[in-house]
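A structural walkthrough
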Amino acid sequence: MFKEVDSKVNFPEIEEGVLRFWREKDIFKKSLEQRKGNKEYVFYDGPPFATGVPHYGHLVGGTLKDVIPRYWTMKGKFVSRRFGWDCHGLPVEYEVEKELKFESKKDIENFGIDKFNESCRSIVLKYVDEWEKIVERSGRWVDFENDYKTMDIDYMESVWWVFKRIWDRDLIKKGYRVNPFCTRCSTPLSKHEASMEYRDVQDPSVTVIFKVKGEDNLFLTAWTTTPWTLPSNAALAVNNKIDYAFVKDAAHDRILIIGLDRISHFFKEGEYEIMKTVKGAELVGLKYEPLFDYYKDKDEYIHTVIEAVYVSTEDGTGIVHQAPAFGQEDFEAGKLFNIPVLNPVDDMGKFTGEVWDYEGQNIKSADKHIIKDLKSAGKLIKHDTVQHSYPHCWRCDTPLIQKATDSWVMEIEPIKNDMIENNKQINWIPDNIKFGRFGNLLEQMPEWHISRNRYWGAPLPIWVCDDCCKTECIGSVQELKERTGISEINDIHKHFVDKMTMKCACGGTMERTSEVLDCWFESGSMPYAQNHYPFENKQRFEDNFPCDFIAEGIDQTRGWFNKLLVISTALFNKPAYLNVIVNGTVLAEDGTKMSKSKKNYPPVTEILDKYGADAMRMYLINSPAVRAENLRFSEAGITEVIKKVMLPLWNSYSFLVTYANIDNWSPQSEYFKPEDITNNLDKWIMSYLQSLTKEVNEQMSAYKLYNVLPAMVNFIDNLTNWYIRRSRRRFWKSENDHDKNHAYETLYEVLSVLTKLIAPVMPFIAEELYQNLELMVFPNAAQSVHLRDFPEVDERFIDIELEEKMSFVETAVKLGRILRNEKNIKIRQPLLNFTVVANKEITQNAVKEYSELIKEELNVKFVTVIGNEEELAKITAKPNFRILGKKYGQKVKAISTVISELPLKDIRKLEAGDQITIEGEHITLEDIFIHHESKPGIFSASEKDITVSLDTTVTPELLSECHARELINRIQNLRKDNGYDISDRIKVTY
């Protein structure tokens, strides 16, 4: 006997019970132990910061990271799932600065770097308990006990080893370069970090004039949205091929040099006169007087017109102001003409004494003063405000600037071709990212700025001699001990190693350079550092590298995915991973970014408690998110999963258990063979089950979850709404015990296999069903469904022809129901004829074989099958086509017009995914059926390659039959409502 099943199921309550079972029986640990010694399947889990709690984006990636390892574990592989934490970097430092109310780096240094770093250490794992609670509640199995932390000395030592290997390849350089810079955090950032947070802001836009040297009234013009860089102007750039006009500005008695195509943006017709035009090449070398005197006559190259190919006439004046310290393009163009790099801005974004008029002022605050002074001097000709998308610091929200700094970089160009080749070995899901978004990034990837002028991070292991400036890189703690003479080293964070000096061969003292590593370098070193490679686990790592699988969000194409490949290419000339699933971003329901302050999304814990984790998992990974597209999070989407997937599955399970207990039926340990099955519905569902098993294995092995989930959902729908509904009477009636027993055996086998198929995706409901269906009757079975092997296909049961026939019949019946519903003809009303176009022999046979089934489903007297649409056209005359769709509203009429103009043969080719154009807008025919009206009372519908027609004419005889059915139905309802048994004799008055 099975345990009784409550039809009023509470999924969150069931999941809490399953969680308790997993904990008490230590099922996760057992799932690992039983596969120990088997071939390893290696999965890398990108470490998150524990300075915040998990959000829906984490849940998408986390579910992918759970489904795939569960699948491969059930396939017999040993899959370690070690969790890790990103402990270093700005996210942690910023949290401490907020807590201590620090405003700048100066506050940190006054407080003490050692105390600051220890404060960082103390809050690194601030939200670990919340992470563990939500991760466990989401059904994800990970090893928290054996986690790794990027701040542990073993991890950091491996990072040093990685750095030393790259150093030895001569890929680490130091130089004066322009990088994105945060004035609040006082550190350069990588270009990847600068791309993480863009916001729409308003900035001043100014057009200024520069007097040409030796000319009384000739001026060059330039435009900028960063007035604060004008005191640092060192050159003006033109494009050799652009036409420049000498424009007489009569109102001010001066001649302005401006791009010919830009004149209309500054002058109205009749207000100017073009004196002459020249190519930009003729302006190169022209000297001009600076706007300010701070760097006047600094050297022979300063304040000169230079040429730069990026100059255009899309905006501004066609002449570009050059401040090489504050722009990468300016910096590179200036180098070709020996233009000096003027940098009067400190690390906190304030002017230094070089620009004495604005000394101590924040550069952005100084804008208004600079503009005012230029206007007073008559050097400002236009002042506007522009709104544009501008990069901000991803942690502190400060607008970033471009600033030249001394920094350490890893050169990418020498290994770029190898990276591109290694990328070809990776299976990307979706595959368009491989040579698209990711491939393009590799092609264009600049050098990697790897140093940060901060404190809490892995220190750069570089020591510099204070006498001869020789540099030395240290690759291990043992090497550090030998070079410093220190016998015991337990920590290599900045506040420890900065005190450690070593002797240089020249006799001088070597001190460590002050910077720490970009925390992305640390996370990119994760494959080696989590195993303390090469100091430990050397053979195990080398036997299992590259890893089999990783998964993260689309933003990591610039981040973790990229850094893993850079480092693995530099170390071993291999990819670090072979398969990667890229998920999209989860947005609020209105399409905006999820924001705690705006409260535009429900808390994760609230949704898990309300609907359960299985519903959440199914919703997230059966969504556009697994195709790397954005997902607008919708609570309604989760309820839809419960309604269309989980409740139907539960009802199927409940149906079996209820009737099996009534009939005292129990499954046997051995199931019947294909040749024992006599009922076509049983043959069909068993064939369909094995086809599903085959499909799921193929698609899971290919990491295409976007194909797996729809297949499962469709199967559950067919199981409940077709197989069980069509087989229901077989469980009620007892005159054919053989058929009833086969119905039980078939349904039990289907649910038993399905429970294992869905286990990686919906681990809770799979466990609940397994405990009752298997362990209640087979006590010696594995303790958990997650300790079972994943189903393998049994080809003996597969009958593709039968599946095709049944699918055709199902679709034909569905179209018939749609026509009934559309005409508001209830199912109790018998109709005369239903016609099906079947242009293949197999589908013609299907209609004939299952005509009784179709009649019963649609309550029609006759089912007619015809061979082609031309025959149907004779029946229906010339059709007037229209569209019925669920989301196009007023466009239905316009769609119908377009469709009606198509030839019949073209309409037959239309499918749900096709597009048509209405009033210039592309409309996808999603969940839409193409209908056409014809002779009075006869209506047709099509879906894909199936067309049907239904005669809706109701004769008096058919109406009387409907009344009789209604009468019987109402009498039976009265009998039920009054508690009468089916054997009770009753009197009826009509």
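These figures come from a predicted structure and were not determined experimentally.

The rules behind the values
Residues numbered from 1 in each chain as written. Predicted model: local features only at pLDDT ≥ 70, side-chain atom pairs only at ≥ 80, totals over all residues. Heavy atoms only, no water. Pairing = 2+ DSSP bridges. Helix = DSSP H or I, 4+ residues; strand = E, 2+ residues; numbered from the N terminus. Polar contact = N/O pair within 3.5 Å; in protein donor to acceptor, adjacent residues only side chain to side chain. Axes fitted to C-alpha atoms, helices over the stretch in contact; angles between N-to-C directions. Parallel < 35°, antiparallel > 145°, perpendicular 65-115°, else oblique. Left-handed = near helix turned anticlockwise from the far one by under 90°. Contact = heavy atoms within 4.5 Å. Nonpolar A, V, L, I, M, F, W, Y, C, P; charged D, E, K, R; others polar. Salt bridge = Lys/Arg side-chain N within 4 Å of Asp/Glu carboxyl O. Buried < 20%, exposed > 50% of the residue type's maximum accessible area, 1.4 Å probe, protein only. Lys, Arg positive; Asp, Glu negative; His and termini not counted.

Overview of the sheet that holds strand β16 (residues 448–449)
Spatially, four strands are ordered β4-β3-β14-β16 in an open sheet, and the strand pairing comes out antiparallel. The open sheet is flanked by β4 (187–188) and β16, the only strands paired with a single partner.

Quick notes on the side chain of T229
Counting through the fold element by element, T229 comes out in the loop between β6 (218–224) and β7 (235–238). A distance of 2.7 Å separates the side chain of T229 from the backbone oxygen of T226, its partner in a polar contact.

Some details on the packing of helix α8 (residues 153–168) against helix α20 (residues 560–572)
Between two packed helices, the angle of one axis relative to the other and the distance separating the axes together describe the packing. Running from amino to carboxyl end, α8 crosses α20 at an angle of 60°, the nearest separation of the two axes being 9 Å. With respect to their mutual orientation, α8 and α20 come out oblique. Crossing of α8 over α20 shows left-handed handedness. Residue-level contacts link W161, V162, R165 and I166 of α8 to I567, A570, L571 and F572 of α20. Split into classes, the residues belonging to the contact of α8 with α20 amount to seven nonpolar, no polar and one charged.

Notes on the pattern of salt bridges
Counted by the stated rule, this structure contains 64 salt bridges. Close ionic contact of E97 with R454 constitutes a salt bridge, the shortest N to O distance being 2.7 Å. One end of the pair, E97, is in helix α4 (residues 90–100); the other, R454, is in the loop between β17 (451–452) and β18 (462–465), with 357 residues separating them in the sequence. Residue classification places E97 among the buried positions, given a relative accessible area of 1%.

Digging into the side chain of E515
Relative to the elements of secondary structure, E515 occurs in the loop between β21 (509–512) and β22 (516–517). For the buried E515, no salt bridge is present, and the opposite-charge side chain at shortest range is K174, 4.1 Å distant. Among the polar contacts made by the side chain of E515, one reaches the side chain of W408 at a distance of 3.4 Å. Excluding its chain neighbours within four sequence positions, the residues that come into contact with E515 are K174, W408, S451, R452, N453, P459 and L460.

Quick word on the sheet that holds strand β23 (residues 550–553)
The sheet built from three strands is open, its strands ordered β15-β24-β23 with parallel pairing. Bordering the open sheet on either side are β15 (427–429) and β23, each of which pairs with just one other strand. Strand after strand, the sheet turns through a mean of 20° between neighbouring axes, direction not considered. The sheet contact formed by β23 and strand β24 (residues 579–583) spans four bridges and is parallel.

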